[in-house]
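Structural description and commentary
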Amino acid sequence: MAQDSPTSAPVTLHELRTRLREAGAGPLHEHRILRLWSNALPRESGRRLPSTFFPASLLAAMPDIEAQLASLASIHTVEKAEDGSERLLIALNDGQTVESVLLPRGGLCVSSQVGCAVGCRFCMTGRDGLLRQVGSAEIVAQVALARARRSVRKIVFMGMGEPAHNLDNVIEAIELLGTAGGIGHKNLVFSTVGDPRVFDRLLQASVRPALAVSLHTTKIDLRAELLPRAARLTPEQLVDAAERYARTTGYPIQYQWTLLDGVNDGNDEIEGLVSLLSGKYGVLNLIPFNVVADTPYGRPSWERCRQMAAQLHRRGILTKLRNSAGQDVEGGCGQLRARATQAGELPLRRAARGRAISIATAAS
Ligand SMILES: C[S@@+](CC[C@H](N)C(=O)[O-])C[C@H]1O[C@@H](n2cnc3c(N)ncnc32)[C@H](O)[C@@H]1O
Ligand code: SF4
């Protein structure tokens, strides 16, 4: 499992906590600062003013600490979709960018890596491989930026990157978001292609998220072709591990299935799904492919998607047909970043540390 960034050391919550303690913060002070930041609340919120609550050493350090928090990430571009979602291109402080998507009804999709090593054939994010990990503080910074725009009650790790390949940072962010961040634990959704170690690690975490498993096919060979560098678990092994997680946590698994025309939308897959998922504690989400240029894949007709969902439903598989949010702004993950990179606005590779790109905050 990839744990180390190939090129940089992203900022972690552990480092932020150490800095707060060195400045004289006790546990209550630390909690208050992290709560206000992760909820995008002003410094004076709460019953007691900072001047009567914080020790003098911490008060003196606060301007620097707040500047550090603000410098972790900023909004580069905003694209609004007709369904109410907003796709944010977020600039990190070394010039790299990730996408976050504000979803209708209080959801937020965040990124856990810049790029991704799994290299799924249908996903824009996988094309450049892994550029770097997103630090736990940078994950929470995405939430703080989003909450400054509107209320967020649910967070899904379905943006750029494979969270199982950045597990320490993702778990640290989840533990903060599920405590000081005020998000209900089952409203934190960890989306993964699956890795043998991820299930046990998540069960040991003090905040256990709900799990989405990107399955996409019931066929071993096709899965290896579509997800070339995913861990080599058979679909049965993956579903068995997910089922244990669901039964232990009490949260149903969300099985993700990106529908590709003529590839995984046939009757053979319906049969495979019936034998794989019957009796399992989960729901199957069919998501028609969001077309990515230069891939051999197409989006099945809406009628075919609807038929497949209806057939599965009739066969006892709880199935939902979904459209990914924000399709009219090229909703596929990684596409906003790719356009900005192609337009020469953003570096494809990591910028030298400390060299910030110019931030053009777009229409909001
Ligand atoms: C971008 S991934 C991030 C989380 C994790 N790496 C995973 O694969 O579950 C989130 C979901 O987006 C889906 N996805 C990626 N590219 C897509 C596209 N072009 N159209 C529809 N879904 C896509 C993936 O299959 C996955 O289920
Ligand atoms: S779908 Fe997920 S695992 Fe696959 S390349 Fe995209 S981000 Fe990575």
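By the naming in an unreviewed UniProt entry, the protein goes by RNA methyltransferase and is assigned to Variovorax dokdonensis. UniProt, in the comment section headed Sequence similarities (unreviewed entry), describes the protein in these words: "Belongs to the radical SAM superfamily. RlmN family." In the Cofactor (unreviewed entry) part of its UniProt record, the protein is described as follows: "[4Fe-4S] cluster".

Here we come to the site of ligand 1. Lining the immediate environment of ligand 1, one finds 18 residues, of which Gly161, Ser191, Ser214, His216 and Asn290 sit closest. Between ligand 1 and Phe122 there is a distance of 3.3 Å, counted from a nitrogen atom to a backbone nitrogen or oxygen. Within the side chain of Ser191, an N or O atom sits 2.7 Å from an oxygen atom of ligand 1. Of all the secondary-structure elements, those providing two or more residues to the shell around ligand 1 are β8 (188-192) and β10 (253-259).

Summary: where empty space remains is shown by rolling a probe the size of a single water molecule over the atoms. Counting across every chain of the model gives one cavity of 30 Å³ or more. Put simply, the largest cavity is a space of about 40 Å³. Around the largest cavity, the lining residues are Leu16, Arg19, Leu20, Ile33, Leu34, Ile65, Gln68 and Leu69. For the lining of the largest cavity, the secondary structure elements donating two or more residues are α1 (13-22), α2 (27-38) and α4 (56-71). Across the lining of the largest cavity, the residue classes tally to six nonpolar, one polar and one charged.

Turning our eyes to something else, we now look at the pairing of strand β9 (residues 210-214). For β9, the buried fraction is high: five of the five residues fall into the buried class. Side chains Ala210, Ala212 and Ser214 of β9 all project onto a buried face; the interleaved residues Leu211 and Val213 project onto the opposite face, where all are buried too. One ladder, built from four bridges, connects β8 with β9; its direction is parallel. If you follow Phe190 over to β9, its bridge partner there is Leu211. After leaving β8, the chain enters helix α7 (residues 198-204) and then returns to the sheet as β9, a path that is right-handed. Here three bridges tie β9 to β10, and the two strands are oriented parallel to one another. Bridge assignment links Val213 to a residue of β10, and that residue is Tyr255.

Here we come to the confidence of the model for the protein. Scored by pLDDT, the protein has a mean of 89; 87% of the residues are at 70 or more. Taken as a whole, residues 345-364 scores under 50 in pLDDT and shows 53 contacts with residues more than four places along the chain or in a different chain.

On to helix α11 (residues 302-314), then. With 13 residues, α11 should reach 18 Å at 1.5 Å per residue; the first-to-last C-alpha distance of 18 Å fits that figure. Taken residue by residue, α11 has Arg304, Cys305, Met308, Ala309 and Leu312 as its buried positions. Buried residues along α11 cover an arc of 135° about the axis, so they all sit on one side. For α11, the elements touching its buried residues are β10, α10 (267-277), β11 (282-288) and β12 (319-321). One or two steps after α11, the chain reaches Gly316, where phi turns positive at roughly 90°.

Analysis parameters
- Per chain, residue numbering runs from 1 following the sequence as it is written.
- Each chain is given a letter, starting from A, and each ligand a number, starting from 1, according to the order in which they appear as written.
- Totals for whole chains, interfaces and linings use every residue, but because this is a predicted model, local features are given only for residues with pLDDT of at least 70 and side-chain atom pairs only at 80 or more, for both listing and counting.
- Side-chain measures here rest on the full set of heavy atoms in the structure, leaving out hydrogens and waters.
- UniProt positions are given in the numbering used here, feature names are shortened, and annotations may be inferred rather than shown by experiment.
- A molecule or strand has a residue near it when one of that residue's heavy atoms lies within 4 Å.
- Pairs of N or O atoms are called polar contacts if they sit within 3.5 Å, as long as, within protein, a hydrogen donor faces a hydrogen acceptor (for residues adjacent in sequence, only side-chain-to-side-chain pairs).
- Numbered from the N terminus, helices here are DSSP runs of H or I no shorter than four residues, and strands are runs of E no shorter than two.
- As defined here, a cavity is a set of points on a 1 Å grid over the protein atoms alone where a 1.4 Å probe fits but cannot get out. A pocket is an open set with protein on both sides within 12 Å along at least five of seven lines, and residues line them when an atom is within 4 Å of a point.
- Grid points are joined across faces, edges and corners, and a volume is the space filled by probe spheres set on the points.
- Residue classes follow a fixed rule: Ala, Val, Leu, Ile, Met, Phe, Trp, Tyr, Cys and Pro count as nonpolar, while Asp, Glu, Lys and Arg count as charged, and any other residue, Gly among them, counts as polar.
- Relative accessible area decides the class of each residue, using a 1.4 Å probe on protein chains only: under 20% of the type maximum gives buried, over 50% gives exposed, and in between gives partly exposed.
- Between any two strands, pairing holds if DSSP finds at least two bridges.
- A clockwise path from the first strand over the helix to the second, with the strands pointing away from the viewer, defines a right-handed crossover.
- Across the chain, each position has a pLDDT score giving the predictor's confidence in that residue, from 0 to 100.
- Between two residues, a contact is recorded if the distance between any of their heavy atoms is within 4.5 Å.
- For a helix, the expected span equals 1.5 Å multiplied by the residue count minus one.
- Our arc is simply the arc of the directions from the helix axis toward the C-beta atoms.

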